[in-house]
Amino acid sequence: MTMRTRRPSETGLSRRQLLKATGSTAALLAAAKLNFPAGAFAQDAGPEVKGAKLGFIALSDAGPLFVAKDKGFFAKHGVPDTDVQKQASWGTTRDNLVLGSEGNGIDGAHILTPMPYLISAGKVTQNNQPTPMYILARLNLDAQCISVAKEYADLKLGTDAAPFKAALERKKASGKAVKAAMTFPGGTHDLWIRYWLAAGGIDPDKDIETIVVPPPQMVANMKVGTMDCFCVGEPWNLQLIHQGIGYTAVNTGEIWNKHPEKSFGMRAAFVDKYPKATKAILMAVLEAQQWADKAENKQELAAIMAKRQWINCPVEDVFDRTAGKFDYGIPGKVVENSPHIMKYWRDHASYPFQSHDLWFLTEDIRWGKYEPNFDTKALIAKVNREDMWRDAAKALGVAAADIPASTSRGKETFFDGKVFDPENPAAYLKSLAIKRVEV
């Protein structure tokens, strides 16, 4: 027997009466929500809180956080109150993460990939007290740079740092100090400049003094002769060239092609307490990464990043390299469409490969930040939350081809021929001539 739906007139209710009844039901439901204890409607609830406090350093690899805020992606995913706050240095970022927003600090940050590990292990915190953290996503690949002062212009330095060694020795012999600046001990910039120097036969602890300088202060310090070289992200390397103070020797993608760089990390306490809000924030960041990686958005991206509340720099100091044009500041050395452009999404840039985290920990063992027998895999299992990345990516509708099948990217080869096999990090360490650890 065929059943048919009865129209309102057939039920004895007019359209006006039906709407009135429906409205009354909605009002009753609304009243019920007010009177029921919290959690009674949790199944249909969105994020537990409307946002979080996130920190950033004035660098172009924080672009996805700027975009997520400016383009409304945080609001779109139900966390409109997410606050993106500028930090003075990586040390300040660390201190504010230890405090947490409840202590007037921050809940998460654009961060150097090794830092959540160093903080979680209590290696860089006051009284060595651990503050558990999670890495939820990688923010970018490639495009940091090693810059040198214009007094070394005649050397036209590139990936080979060997000619730099003799110049530094001559300067030291004249009674002057030689210094290499990076942004945080054990952080990515520290590891890139150490790798480059050591591959050229320069011991970064014995042949040159390694100092810490916050990214926005790099150019000013180079101008007054504080350091001979530095490693940092953009826009500071290009600004150095624009001011005629030095030149770019190496794009770090030339040291290790498609290398991981910054991460999006959050305090474990926040994530564990507010998993839905964390997922919403993560989805907003992933969507912003996709937007930032599109060629047609590069001009707007540069304009956003240059804003006062973000990097606060002239657009021309950030646009060229954002778009892939690398003028090294050496006559005739301009690379159009560089393969080492900063990647926010392509080539699985956003996915936090655990094998990459193992390389960072192995390098920090190399330079004495961790004990030689430190259990790296146990710490990675606690800190790296690639499972949450996968969950957020699937909820966002990311294509299966853009979600890596494995937590390892496999063997990695560096410009000097060294190979890092995540299945045998000890062999990699053994192959390195300059190190602080015996293998």
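What counts and what doesn't
Residue positions within a chain follow its written sequence, with the count starting from 1. Totals for whole chains, interfaces and linings use every residue, but because this is a predicted model, local features are given only for residues with pLDDT of at least 70 and side-chain atom pairs only at 80 or more, for both listing and counting. Computation of side-chain values covers all heavy atoms of the structure but excludes hydrogens and water. UniProt positions are given in the numbering used here, feature names are shortened, and annotations may be inferred rather than shown by experiment. Confidence of the predictor in every single residue is expressed as pLDDT, which spans 0 to 100. A run of H or I in DSSP becomes a helix once it reaches four residues, and a run of E becomes a strand once it reaches two; helices and strands are each numbered from the N terminus. By definition, residues are in contact when any of their heavy atoms lie within 4.5 Å. Axis geometry follows a simple rule: fit a line to the C-alpha atoms, using only the stretch in contact for helices, then measure angles between N-to-C directions, giving values from 0 to 180 degrees. By the definition adopted for this analysis, an angle is roughly parallel if under 35 degrees, roughly antiparallel if over 145, roughly perpendicular if from 65 to 115, and oblique otherwise. Only Asp, Glu, Lys and Arg are considered charged in this grouping, and only Ala, Val, Leu, Ile, Met, Phe, Trp, Tyr, Cys and Pro are considered nonpolar; every other residue, Gly among them, is considered polar. In this analysis, strands are considered paired if DSSP registers two or more bridges between them. Here, nonpolar core means buried Ala, Val, Leu, Ile, Met, Phe, Trp, Tyr and Cys residues that are tied together by side-chain atoms lying within 4.5 Å of each other. When a residue's accessible area, from a 1.4 Å probe over protein chains only, is under 20% of the maximum for its type it is buried; when over 50% it is exposed; and in between it is partly exposed. Here a salt bridge means any side-chain nitrogen of Lys or Arg lying within 4 Å of a carboxyl oxygen belonging to Asp or Glu. One less than the number of residues in a helix, times 1.5 Å, gives the span that helix is expected to have.

The name given to the protein in an unreviewed UniProt entry is ABC transporter substrate-binding protein, with the source organism recorded as Bradyrhizobium agreste. Annotation of the protein in UniProt includes, under Sequence similarities (unreviewed entry), the sentence "Belongs to the CmpA/NrtA family." Taken from UniProt, the Subcellular location (unreviewed entry) comment for the protein reads in full: "Endomembrane system".

Asker: Would you mind going over the confidence of the model for the protein with me for this structure?
Answerer: When pLDDT drops low, the exact placement of atoms in the prediction is not to be read closely. Within the protein, residue pLDDT values average 92, and 90% of them lie at 70 or more. Within the protein, helix H1 (residues 15–35) has the poorest average pLDDT of any element, 39, and strand S4 (residues 133–138) the best, 99. This stretch, residues 1–44, has a pLDDT under 50; its non-local contacts, to residues over four places away or in other chains, come to 11 contacts.

Asker: For this particular structure, what's the right way to read the packing of helix H2 (residues 63–70) against helix H13 (residues 298–306)?
Answerer: A pair of packed helices is characterised by two quantities: the angle between their axes and the separation of those axes. Running from amino to carboxyl end, H2 crosses H13 at an angle of 90 degrees, the nearest separation of the two axes being 10 Å. In terms of orientation, H2 and H13 fall into the roughly perpendicular class. Facing Gly63, Phe66, Val67 and Asp70 of H2, the residues of H13 in contact are Leu301, Ile304 and Met305. Of the residues belonging to the contact of H2 with H13, the class tally is 5 nonpolar, 1 polar and 1 charged.

Asker: Teacher, can you tell me more about the sheet that holds strand S1 (residues 53–56) here?
Answerer: Pairing between the strands of a sheet comes from backbone hydrogen bonds, and it takes one of two forms, parallel or antiparallel. What the 5 strands build is an open sheet, ordered S2-S1-S3-S10-S4; its pairing is mixed. This sheet does not close on itself; its edge strands, each paired only once, are strand S2 (83–86) and S4. Sheet twist, expressed as the mean angle between neighbouring strand axes with direction ignored, is 30 degrees.

Asker: Before we go on, may I ask you to explain the nonpolar core in this structure?
Answerer: The nonpolar side chains of soluble globular proteins are, as a tendency, buried together. Counting residues in hydrophobic clusters, the biggest one holds 131 residues, and the most contacted among them are Phe164, Trp196, Phe264 and Trp359. Considering each element in turn, this core owes the most residues, 11 residues, to helix H12 (residues 275–292). Contacts of Trp359, omitting those with residues within four sequence positions, involve Leu191, Trp192, Tyr195, Trp256, Phe414, Phe420 and Tyr428.

Asker: Got a minute to help me understand the pattern of salt bridges in this structure?
Answerer: Under the defined criterion, the tally for this structure stands at 24 salt bridges. With its nearest N and O atoms 2.6 Å apart, the salt bridge here joins Asp228 to Lys171. With Asp228 in the loop between helix H8 (218–223) and strand S8 (229–232) and Lys171 in helix H6 (residues 162–173), this pair connects stretches of sequence that are 57 residues apart. By the burial criterion, Asp228 is buried, and Lys171 matches it. Between Asp205 and Arg194 there is a salt bridge whose closest N-O contact spans 2.9 Å. Within this pair, whereas Asp205 is found in the loop between helix H7 (188–199) and strand S7 (209–212), its partner Arg194 is found in helix H7, the two being separated by 11 residues in sequence.

Asker: I'm lost on the sheet that holds strand S9 (residues 246–251) in this one. Help?
Answerer: Across the sheet, 5 strands lie side by side as S7-S6-S8-S5-S9; this open sheet has mixed pairing. The open sheet has two edge strands, S7 and S9, and neither has a second partner. On average, adjacent strands in this sheet sit at an angle of 25 degrees to one another, irrespective of strand direction. Note: strand S6 (residues 179–182) against S8, 2 bridges, orientation parallel. Paired with Ala180 across the two strands is Cys229, which belongs to S8.

Asker: What is the right way to look at H12 in this model?
Answerer: A turn of α-helix holds 3.6 residues, and therefore any two residues three or four places apart point the same way. Under the 1.5 Å per step criterion, the end-to-end length of H12 is 25 Å for 18 residues, consistent within 8% with the ideal 26 Å. Burial analysis of H12 places 14 of its 18 residues in the buried class, the great majority of the element.

Asker: Mind showing me how you'd approach H7 here?
Answerer: For H7, with 12 residues, the first-to-last C-alpha span of 16 Å sits near the 16 Å given by 1.5 Å per residue. Most of H7 sits out of view: 11 of its 12 residues are buried. Along H7, the positions that sit buried rather than exposed are Thr188, His189, Asp190, Leu191, Trp192, Ile193, Arg194, Tyr195, Trp196, Leu197 and Ala198. Backbone geometry just after H7 places Gly201 at a positive phi near 85 degrees.

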